[in-house]
There are 4 protein chains.
Amino acid sequence: MYRVGILGATGMVGQRFIQLLADHPQFEVTAVAASDRSQGKAYGDACTWRLGGEMPPSIRSMPVQPPAPPLDCDLVFSSLPGDIARETEGSFAAAGYPVISNSSAFRMDEDVPLLIPEVNHQHLGLIEKQKRRYPSGGYIVTNPNCSTIMLALALAPLHASFGVSAVAATTLQALSGAGYPGVASLDILDNVLPYISSEEEKIETETTKILGRFADERIELAPMAVSAQCHRVNVSDGHMAAVRVKLARKPDLKELRASLELFRSLPQELGLYSAPAAPIVVRDEQDRPQPKLDRDAGNGMTITIGRLMPDTVLDYRFVVLSHNTIRGAAGAAILNAELLDRMGKIFHKIKST
Amino acid sequence: MYRVGILGATGMVGQRFIQLLADHPQFEVTAVAASDRSQGKAYGDACTWRLGGEMPPSIRSMPVQPPAPPLDCDLVFSSLPGDIARETEGSFAAAGYPVISNSSAFRMDEDVPLLIPEVNHQHLGLIEKQKRRYPSGGYIVTNPNCSTIMLALALAPLHASFGVSAVAATTLQALSGAGYPGVASLDILDNVLPYISSEEEKIETETTKILGRFADERIELAPMAVSAQCHRVNVSDGHMAAVRVKLARKPDLKELRASLELFRSLPQELGLYSAPAAPIVVRDEQDRPQPKLDRDAGNGMTITIGRLMPDTVLDYRFVVLSHNTIRGAAGAAILNAELLDRMGKIFHKIKST
Amino acid sequence: MYRVGILGATGMVGQRFIQLLADHPQFEVTAVAASDRSQGKAYGDACTWRLGGEMPPSIRSMPVQPPAPPLDCDLVFSSLPGDIARETEGSFAAAGYPVISNSSAFRMDEDVPLLIPEVNHQHLGLIEKQKRRYPSGGYIVTNPNCSTIMLALALAPLHASFGVSAVAATTLQALSGAGYPGVASLDILDNVLPYISSEEEKIETETTKILGRFADERIELAPMAVSAQCHRVNVSDGHMAAVRVKLARKPDLKELRASLELFRSLPQELGLYSAPAAPIVVRDEQDRPQPKLDRDAGNGMTITIGRLMPDTVLDYRFVVLSHNTIRGAAGAAILNAELLDRMGKIFHKIKST
Amino acid sequence: MYRVGILGATGMVGQRFIQLLADHPQFEVTAVAASDRSQGKAYGDACTWRLGGEMPPSIRSMPVQPPAPPLDCDLVFSSLPGDIARETEGSFAAAGYPVISNSSAFRMDEDVPLLIPEVNHQHLGLIEKQKRRYPSGGYIVTNPNCSTIMLALALAPLHASFGVSAVAATTLQALSGAGYPGVASLDILDNVLPYISSEEEKIETETTKILGRFADERIELAPMAVSAQCHRVNVSDGHMAAVRVKLARKPDLKELRASLELFRSLPQELGLYSAPAAPIVVRDEQDRPQPKLDRDAGNGMTITIGRLMPDTVLDYRFVVLSHNTIRGAAGAAILNAELLDRMGKIFHKIKST
């Protein structure tokens, strides 16, 4: 069991970390930290639990600490807000901690893996380069933006088999993606918001890094055009995207469907604890996927694709859905950590005192 | 004042017809008809009013009649369900009535105008051809599907100025588009439905007819690829579409914006009663258009465009919004009738007895 | 293992029966029946699954049968619509089946138990009287209306300890209580409906029967005034009621709270499979209970009470919440069956052929 | 025309003030003030308009000023947050301004009228007493809490005719009552919140003051028990309350209904600009009132009562609904000002420079 610290522990994603780690066989939460006014309080007093079920009892009395090293743990998971993530995560890496981050601060740094274990585990080679920044042995591994993850995961088998030359994604994103308090109820009741700050840019840039090749100790961005139009809809959890793709080699529908449905990768082969049996499920009902019915597929780690059909402007189109705070955030980071552990990148630290 | 009959008067669009015609200077509702079990009852008893405000008092005691000629009126507006619209509307045209229809039954017929007065009033030349079908002088004029109208209206100035070669539209459509009772609340609360029956096909086919050229007494379909992905969201009124376009000649953003914003057409020149001052409003706030804030622009007859910017896969992208039961249905049909009147295509009938 | 038939298997409550029985140690679904057009189809084709997760595979290919005896089972659970429940359930009882019903048809019959196992298991003595109606040995046991259950369960310890002389309940009820398709989305978005057909009457009459005394082979209604005002709100699952009570003996708040929180009864003593550890949980946070956070307490079988405080018009007030299709319907019926089994009232039938 | 200043101009109620005053015949907005970071900006830049339609053009370029005298106006409307209202409103009154306040700060002060013009215009006699506090001639008149207004207005004719001895109100309140950003969308989607800070206390105390008698220069509280249980539901505008009343003299239902429906008072007699023709409308449909359909009755100034019937615990019960930011806030204050003007309590000030 590794001892784990959570940075940003009181937020929506921080709560998911705690929920998903409550019964985890490899990781045990031993420290919680937050940048807000909750420092010094017990977690149970500092934090209103907003997920179903009860707050895990073991965490209730844990004191909320400032997000700065040292913390009593072997590695940290971070979901800090963007404005403080860069400095804080950097200081943990400098202090020798593996930083498994859901924040956007380091995602596009040249020596930082933007990891989806099923898609680009080769990119972990970048960790070696971080030794220059962090001689202590600490490092940073990030997971993509919540919408980018499902898009890149859906594109991965298509890109491997047929070559994706262009992709246009139009998202319908859930409220939990904005954190808490996030979107005001008066803004979203009987409404759609056609704008999410920085989201279109993140999808357009992160996707080409994730699908890029690791060669010569660097990532060669995937040569594809990516277009994103993002919307907030009145859904609690579950991001959806309507996707059109252009392929270098155009397969028939059956071959395309098979490449998605049969996709398995390293996490499935290694049997990682959080890895779903199938990363992608393809459904043939004409009205699926739906957030309410499909977000919990594979305990929130499976993405669901439906409405797969030829497109009249690009080659094919489909709708993809994933749980944005599990596969799209906390679950993604935990799967990253599980892979890092299996690859020998996580160590027991001497317990701080 | 022309006397008007409403076919499908008890449905959502039927109620909008009655609401919009309550104070109309040219049209007075003198007959209401419906295919359901409400026949024989007074309209006020047959119909639960589902729009804001009260049912117009003049309509309350009007008897609901079967939807078959003769009706005591000079023309009929129809929003009959698809399965009975074709036979019923045909029988009214055969009996000499102008049929201004919001139903899909005749939209793609070769001799039937699929009319948006700002876009393709030239297509009204097709009415002449209908004399072969309906020697009585009756005829059918249709308006497009609720999503197609806003898309075609947005594309019209672009197509005229730059040539649209491809368009990919992803819709987020309101509940009222499904009629009443329509979508079950359990299906849409905390959810999105990625499927609307026949909607994608309608948008893909109707758009090329509307933007087609009228020549040699027929419509030459516009040579453009149209792709539609349609979704139902938890919004009462106001369809939204995220649109990407490819243009034969690519203007700069400023020129593109001007072509949309300055667009005016025949209804504005003629000062038709329901014509908005501007068919298209372009907003520069980064989070507009929104259904709740923009659906009532121009009394529901103006479409609102926002988030206009270059696109990385096609040339430009934007988000468009319109009121689906006003500009997208009842208001569209009424504007059609106003234009037909101005062009001398509507006559006072001898009052039936 | 008893073999179980589900009457009304395709509805919302029918689906809950199937979900809750999927892994039940005592009951196995061997027959599904419905009154609608689904007869003859496989259940998986007849029924769109509307609950989270997947339809249990074992049920998928089971044929939907007409709701009439004989069915291949030892007992039936019924959630038939009111209009056909009386005749159909009666015919099953006459044919010798125990009928564990969630329908309202027989609830107020003099010889039919209206059972909440924690509250009035003594009422099962009425089954003896049904031998006059059903010499075959079949019988009918009902559970209360979904709102009544939580009210009666909350009142039970108060009535036992202090005597309830009056209760005024104002409900905020979930959409799933109306079945499927149930409430139209256009009726409930941005709205509240202050009316649910027959609901106020059911709460006002059923409560006094449930809390009544069984003596001399009959139920003596509890001598209390019950007032109910019912509303439908835009919530998927979880009925809430704001309750005010007047007590014959007025305890202090601490004693009142303890009587609720410490309440345990026969199902807890017997360790019935579906019995929650605590039938009632009392929460002290000022903003609980909430449907989203508390409906799944005790796997949906625990009711949650909060905002317990003195009242200025009656004696005390509180807010109570329960899962309306689990504790309020399917789960209630299953708990009833578990108790009946333990009391020796369920038998293995010779398998019909 | 009086020149009007708005304190708290950027909030939800502040925007309603501006919207309702845009075409007002007696009042013209000449100053806007807010306590937040918007000071110094133009109103159009400081404030995101959250109501339907566009921000009135005349207000767009008006500078947002600090909420402190002097302001260029003859009187001020205030909807300041509770924490600063007391000091700020007091300073305006001390400086000689009539302060027409929607804030709670002064409502229960002995010398401050808590005014509903239809109910207790006699209480304006208290203004005389304020001369001791404010020798300058300024004074404060408040309107009740948004839920209290509709309750007190519904009770007024009953209390006058029959004597209300007890009232138990259970509210279902709209989101706009919490201001902006107010309730987080994640808290209210698929949920109900059974708690609104201080709301129950306000209803319970304010009601007896409003319905109290003005005698000997003071208010004698109405001798009635008032109980309130308050809930937040997912509705944009329109507070609803389920009400039970006990009457000193119990009339029959017909007499009770008539007393509500025929209720008219001073604002109707005087023909005040914002006074609705009927303060109370009684509807007989079994499913009314509904927020979406009834909140705009009488331009938001009429309250709607339905489901009027005998009650089994108290004497009668009904459901009442009103627009919480019009009749319940900004519209209430404006009606108060209209009455004050008619009673000669508002004067033109020398224009400040």
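All values reported here derive from a predicted model rather than from experimental measurement. (Residues numbered from 1 in each chain as written. Chains lettered and ligands numbered in written order. Predicted model: local features only at pLDDT ≥ 70, side-chain atom pairs only at ≥ 80, totals over all residues.)

## Brief notes about the overall build of chain A
Now for step 1: The helix and strand tally for chain A stands at 13 helices and 14 strands.
Now for step 2: Seen through its principal axes, chain A has C-alpha atoms that stretch 60 × 50 × 35 Å.
Now for step 3: For chain A, buried positions account for 59% of its 353 residues.
Now for step 4: Long-range contacts, defined here as pairs at least 24 residues apart, represent 73% of the contacts in chain A between residues at least 6 apart. (Helix = DSSP H or I, 4+ residues; strand = E, 2+ residues; numbered from the N terminus. Buried ≥ 20, exposed ≤ 12 C-beta atoms within 10 Å, placed from the backbone. Contact = placed C-beta atoms within 7 Å.)

## Here's the deal with the sheet that holds strand β1 (residues 2-7) of chain B
Residue and element names in this part refer to chain B.
Now for step 1: On the basis of which strands lie adjacent, the open sheet formed by six strands has the order β3-β2-β1-β4-β5-β6 and parallel pairing. Whereas interior strands pair on both sides, the edge strands pair on one side only; in this sheet they are β3 (64-65) and β6 (139-142).
Now for step 2: Pairing of β1 with strand β4 (residues 75-78), which is carried by four bridges, proceeds in the parallel orientation. Along β4, the bridge assignment pairs Gly5 with Val76.
Now for step 3: Packed onto the sheet, helix α1 (residues 12-21) meets β1, β2 (27-33) and β4 and runs at close to 160° relative to β1.
Now for step 4: Each of β2, β4, β5 (98-101) and β6 is contacted by helix α13 (residues 326-342), which is oriented at about 145° to β5, the strand it contacts most. (Pairing = 2+ DSSP bridges. Axes fitted to C-alpha atoms, helices over the stretch in contact; angles between N-to-C directions.)

## Looking at the interface of chain A and chain B
Now for step 1: Counting residues at the interface gives 36 residues for chain A and 36 residues for chain B.
Now for step 2: Going through the elements one at a time, β7 (164-173), β10 (225-232), β11 (239-247), α12 (291-294), β13 (303-310) and β14 (316-322) of chain A are the ones with two or more residues in the side of chain A that touches chain B.
Now for step 3: Here the side of chain A that touches chain B gets five residues from one element, more than from any other, and that element is β10 of chain A.
Now for step 4: Of the residues that constitute the side of chain A that touches chain B, the class distribution is 17 nonpolar, eleven polar and eight charged. (Nonpolar A, V, L, I, M, F, W, Y, C, P; charged D, E, K, R; others polar.)

## Details of the sheet that holds strand β14 (residues 316-322) of chain C
Residue and element names in this part refer to chain C.
Now for step 1: The six strands lie next to each other as β10-β7-β11-β14-β13-β12, forming an open sheet whose pairing is mixed. Each edge of the open sheet carries a strand with a single partner, namely β10 (225-232) and β12 (280-282). Between one strand axis and the next, the sheet turns by 20° as a mean value, whatever way the strands run.
Now for step 2: Here strand β7 (residues 164-173) pairs with β10 via eight bridges, running parallel. Across the sheet, residue Val167 finds its bridge partner in β10, namely Val226.
Now for step 3: Packing of helix α7 (residues 146-161) onto the sheet brings it into contact with β7, β11 (239-247), β12, β13 (303-310) and β14, and relative to β11 it is tilted by some 35°.
Now for step 4: Helix-sheet contacts for helix α10 (residues 253-261) involve β12, β13 and β14, and the interaxial angle to β12 is about 145°.

## Description of the relation of the copies chain A and chain B
Now for step 1: Under the fitted operation, chain A is carried onto chain B by 0.0 Å of movement along the axis and a turn of 180°, and the coordinates agree to an RMSD of 0.0 Å. Both copies are brought into coincidence by an operation consistent with a two-fold rotation axis.
Now for step 2: Residue by residue, 100% of the interface of chain A is reproduced at the interface of chain B, so both copies engage with the same surface. (Least-squares fit on C-alpha atoms with pLDDT ≥ 70 in both.)

## A few points about the domain arrangement of chain A
Residues and elements named next belong to chain A.
Now for step 1: Once the domains are mapped, chain A shows domain 1 (2-144 + 330-342) and domain 2 (146-323).
Now for step 2: Each of domain 1 and domain 2 was reduced to a C-alpha centroid, and the two centroids are 24 Å apart.
Now for step 3: At the level of elements, α5 (117-120) and α13 (326-342) are the ones that each hand at least two residues to the side of domain 1 that touches domain 2.
Now for step 4: Among the elements that make up the side of domain 1 that touches domain 2, the one with the highest residue count is α13 (seven residues).
Now for step 5: Broken down by class, the residue content of the side of domain 1 that touches domain 2 amounts to twelve nonpolar, eleven polar and seven charged. (Domains from an automatic or database assignment.)

## Focus on the pairing of strand β11 (residues 239-247) of chain D
Residues and elements named next belong to chain D.
Now for step 1: Counting buried positions along β11 gives eight out of nine residues, so the element sits mostly inside the fold.
Now for step 2: Relative to β11, strand β7 (residues 164-173) runs antiparallel, the two being bridged by eight bridges. Considered in β11, the bridge of Thr170 is made with Ala242.
Now for step 3: Two strands pair when backbone bridges link them, and β11 and strand β14 (residues 316-322) are joined in this way by seven bridges, in the antiparallel orientation. Bridging from a neighbouring strand, Val245 pairs with Tyr316 of β14.

## Regarding α7 of chain C
Residue and element names in this part refer to chain C.
Now for step 1: At Leu155, α7 shows its largest bend, some 35°, and a proline, Pro157, comes one to four positions later.
Now for step 2: The element α7 is extensively covered by neighbouring structure, given that 14 of its 16 residues are classed as buried.
Now for step 3: Two residues or fewer past α7, Gly163 is found with a positive phi of approximately 80°. (Bend = angle between axes of the 7 residues up to and from the residue.)

## What about helix α9 (residues 199-210) of chain B?
Now for step 1: Its twelve residues place the ends of α9 of chain B 16 Å apart at the C-alpha level, agreeing with the 16 Å of an ideal helix rising 1.5 Å per residue.
Now for step 2: Buried residues belonging to α9 of chain B abut α5 (117-120), α7 (146-161), β7 (164-173), β9 (218-220) and β10 (225-232) of chain B. (Expected span 1.5 Å × (residues − 1).)

## Quick notes on the relation of the copies chain D and chain B
Now for step 1: Rotating chain D by 180° and moving it 0.0 Å along the rotation axis overlays it on chain B with an RMSD of 0.0 Å.
Now for step 2: Comparing interface residues between copies, 100% of those in chain D also sit at the interface in chain B, which points to an isologous, same-surface contact.

## Re the pairing of β14 of chain A
The side chains of a regular strand alternate, first on one face of the sheet and then on the other.
Residue and element names in this part refer to chain A.
Now for step 1: For β14, the buried fraction is high: seven of the seven residues fall into the buried class.
Now for step 2: Here β14 shows two buried faces, one formed by Tyr316, Phe318, Val320 and Ser322 and the other by Arg317, Val319 and Leu321.
Now for step 3: Connecting β13 to the antiparallel partner β14 that follows it, the hairpin turn spans five residues.

## A look at the environment of Tyr316 of chain C
Residues and elements named next belong to chain C.
Now for step 1: Turning to its location among the elements, Tyr316 is positioned in strand β14.
Now for step 2: Separated by 245 residues in the primary sequence, Tyr316 and Leu71 place their C-alpha atoms 49 Å from one another.
Now for step 3: Residues in contact with Tyr316, not counting those within four places in the same chain, are Val245, Leu256, Leu308, Pro310 and Asp311.

## Let's talk about the environment of Ser78 of chain A
Residue and element names in this part refer to chain A.
Now for step 1: Tracing the backbone through its elements, the reader meets Ser78 in strand β4 (residues 75-78).
Now for step 2: Residue classification places Ser78 among the buried positions, given that 29 C-beta atoms sit within 10 Å.
Now for step 3: Sequence spacing of Ser78 and Val13 is 65 residues, and the spatial spacing of their C-alpha atoms is 9.1 Å.

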